[in-house]
Amino acid sequence: MTHRPSRPRRAHPPRRREPSAPRPPMEDPARRAALDTLRAVRDRDAYANLVLPGLLRERRITGRDAALATELTYGACRAMGWLDQVIAECSDRPLSQVDKQLLDVLRLGAYQLLRTRIPPHAAVSSTVDLARLDVGSRLAGFANAVLRKVGERSEAEWVEALAPSNIEDPIGYLATATAHPRWIARAFADSLGDKGESLKAALEADDDRPLVHLVARPGEITAEELAAITGGDVAPYSPYGVRLEAGAGDPSDMEPVRERFAAVQDEGSQLCAIALTRPTLTGSDQRWLDLCAGPGGKAAMLGALAGLSDATVDAVEKAPHRARLIENATEGQPVTVHVADGRDTGFEPGSFDRVLVDAPCTGLGALRRRPEARWRRQQSDVGDLTKLQRELLLSAMDLVRVGGVVAYVVCSPHLSETIGVVGDVVRRTKAEQLDAREFFPGVPDLGGGPDAQLWPHLHGTDAMYCALIRKI
Ligand SMILES: C[S@@+](CC[C@H](N)C(=O)[O-])C[C@H]1O[C@@H](n2cnc3c(N)ncnc32)[C@H](O)[C@@H]1O
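The shown structure was predicted, so the numbers you read here are calculated from the model rather than taken from an experiment.

Undergrad: Explain the overall build of the protein chain here, please?
TA: The secondary structure content of the protein chain amounts to 20 helices and 12 strands. Summarising its shape, the C-alpha atoms of the protein chain cover approximately 100 × 50 × 50 Å along the three principal directions. Taking the intrachain contacts of the protein chain between residues at least 6 apart in sequence as the baseline, contacts between residues at least 24 apart amount to 71%. Of the roughly 22,600 Å² of accessible surface on the protein chain, a fraction of 49% belongs to carbon and sulfur atoms. Separation between the mean location of the 60 positive side-chain charges and that of the 65 negative ones in the protein chain comes to 9 Å.

Undergrad: Which parts of the structure should I look at to understand unusual backbone geometry?
TA: Peptide bonds are, in most cases, trans, and in most cases residues other than glycine have a negative phi. A cis geometry characterises the amide bond from G294 onward to P295, with omega recorded as 0°. For P295, the position within the fold is in the loop between β5 (287–290) and α15 (297–308). Cis geometry marks the peptide bond from G449 to P450, where omega comes out at 0°. Structurally, P450 can be placed in the loop between β10 (432–434) and β11 (452–453). In this model, A179 sits at a positive phi of 55°, which is unusual for a non-glycine residue. In this structure, A179 sits in the loop between α9 (170–177) and α10 (182–192). Note on A179: relative accessible area 1%, which makes it buried. Look at D445: it is not a glycine, yet its phi comes out positive at around 55°.

Undergrad: Teacher, can you tell me more about the site of the ligand here?
TA: Taken together, 20 residues lie around the ligand, and G297, E317, R322, G342 and D358 are the ones closest in. One of the backbone nitrogen or oxygen atoms of C292 is found 3.2 Å away from a nitrogen atom of the ligand. At 3.0 Å from a nitrogen atom of the ligand is found a side-chain nitrogen or oxygen belonging to D341. When the free accessible area of the ligand is taken as 600 Å², the share hidden by the protein chains comes to 84%. If you list the elements that add at least two residues to the shell around the ligand, you get α15 and α18 (381–399).

Undergrad: Where do I start with the pattern of salt bridges in this structure?
TA: Between side chains of opposite charge, pairing is possible as soon as their charged atoms come close. Applying the stated criterion to the full structure yields 38 salt bridges. For D134, the salt bridge goes to R39, with nearest N and O atoms at 2.8 Å. In this pair, D134 sits in helix α6 (residues 120–135) while R39 sits in helix α1 (residues 29–44), placing the two residues 95 residues apart along the sequence. Between D353 and R401 there is a salt bridge; the shortest N-O distance is 2.6 Å. Taken together, the residues D353 in strand β8 (residues 352–358) and R401 in strand β9 (residues 400–410) connect sequence positions 48 residues apart. Taking relative accessible area as the criterion, D353 reaches 4% and is therefore assigned buried. What you see here is one network of salt bridges that share partners, running through R32, D36, R39, R42, D43, R59, D84, D104, R107 and D134.

Undergrad: Looking at this structure, how should I read the confidence of the model for the protein chain?
TA: Predicted coordinates in areas of low pLDDT are best not read in detail. When pLDDT is averaged along the protein chain, the result is 94, and 95% of the positions lie at 70 or above. For the protein chain, the element scoring lowest by mean pLDDT is α6, at 93; strand β12 (residues 465–470) scores highest, at 99. Across residues 1–19, where pLDDT falls below 50, the model places 0 contacts with residues more than four positions away in sequence or in other chains.

Undergrad: Honestly, the pairing of β8 in this entry has me stumped. Any pointers?
TA: Consecutive residues of a regular strand have side chains that alternate between opposite faces of the sheet. Burial runs high along β8: 7 of the 7 residues are buried. Bridge count between β5 and β8: 3 bridges; the pairing is parallel. When the bridges of β8 are listed, W288 appears paired with R354. Two elements, β8 and β9, share 6 bridges in a ladder whose sense is parallel. Bridging from a neighbouring strand, F352 pairs with V400 of β9.

Conventions used here
Residues numbered from 1 in each chain as written. Predicted model: local features only at pLDDT ≥ 70, side-chain atom pairs only at ≥ 80, totals over all residues. Heavy atoms only, no water. Helix = DSSP H or I, 4+ residues; strand = E, 2+ residues; numbered from the N terminus. Contact = heavy atoms within 4.5 Å. Areas by Shrake-Rupley, 256 points an atom, 1.4 Å probe, with all protein chains shown as cover. Lys, Arg positive; Asp, Glu negative; His and termini not counted. Charge placed at Lys NZ, Arg CZ, Asp CG, Glu CD. Buried < 20%, exposed > 50% of the residue type's maximum accessible area, 1.4 Å probe, protein only. Near = heavy atom within 4 Å. Polar contact = N/O pair within 3.5 Å; in protein donor to acceptor, adjacent residues only side chain to side chain. Salt bridge = Lys/Arg side-chain N within 4 Å of Asp/Glu carboxyl O. pLDDT = per-residue confidence, 0-100. Pairing = 2+ DSSP bridges.

Here's what the structure looks like:
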């Protein structure tokens, strides 16, 4: 039997409580910053990871409050569609009739109840306080009722209650269990060829905070030197990569980055840019083209490698402000920036030896980086994007010389954007598709080929896709 300590005796009889006015609502700065960010994301399509840091700075929110605001904001953004599903189940009116400002508050409350260790009473009372200050007492009463119902079950219990059967619809089940729209889970499953453990791991990896990767500019500093200076680790796959530890600090404050010997770049992006330079060419190898170059990450990698082998790079970008970013990223390199449409550049056909098409895409491979992206992107975006991707790749095939090589890269594993586009263009141009995996030496698990597909859960990189095509 457990022994309970006896209650200490009171020295005085208890004082009778005076009937008091209701406790005034308390607002805490972390939850307020999270709510204001959710509002900006909903109202003006803002990016949470651009808005929140600004608010924290402006309001001087630091330490544990800043960490809480970050966790609540990014977490609620990532899980938004799933939180809405649970809120709808607990509300006596359809979500379309719930005040939009109140819905933001409810999302914040439901996130705390389902996906954090914040005690339920604190999650509910802090959220109801926020609602009272934000949308008034009447709606705060509604928030209280909804959140109490949300808190009656754990997240796992809500998944069991609302998800389709794991046996009959494993993709639908995993989409719900990992808070993804179904079409994204389906796209990952199609690319992985799996509806089980691999799919689960790929979807779960979207909730991870990616480590910062640095690129050591070839010819300026080695990865080993960069790792020693920054305290990071030499990256496992890219010969120029360094991975920083979580919490290593702001990379833009690091000396090699300030001195422009290094820059922030995902290791997957490094590998795809390097892959373009690896296939052997017969004949000239002096003119390289980056057809969708803004903001210039891969152009700067190509510019550094071109500088080491007497080649030059033309970098094309449609958006003038992004073209300026390329100019900045490639300063001092043999790179010429052009503001033009990659489908109509004005260059002579067949004038380049190597061409990179890092095409605009859904970005489904970088969902870790944009907390709200998985709910903002729509399946209906895919059609327009694949049309543009096909046109850009056809333009690249026109601009490369016979015997030259084109790398087609997207940050997405969606099969329509990857093998759909490449297969079609290879057929139409009667080109030869190389086995891209050979040009990612030492990188395991790149898929069945001939293209290479990277994954966050397998490689710790964005889910970059790369196909290499030789014009014949
Ligand atoms: C995926 S991003 C390229 C990222 C870049 N390669 C890097 O590593 O920093 C695609 C770029 O293509 C640009 N773009 C979109 N449509 C284009 C077009 N028709 N012609 C040329 N560039 C285009 C976008 O503005 C965007 O900067």
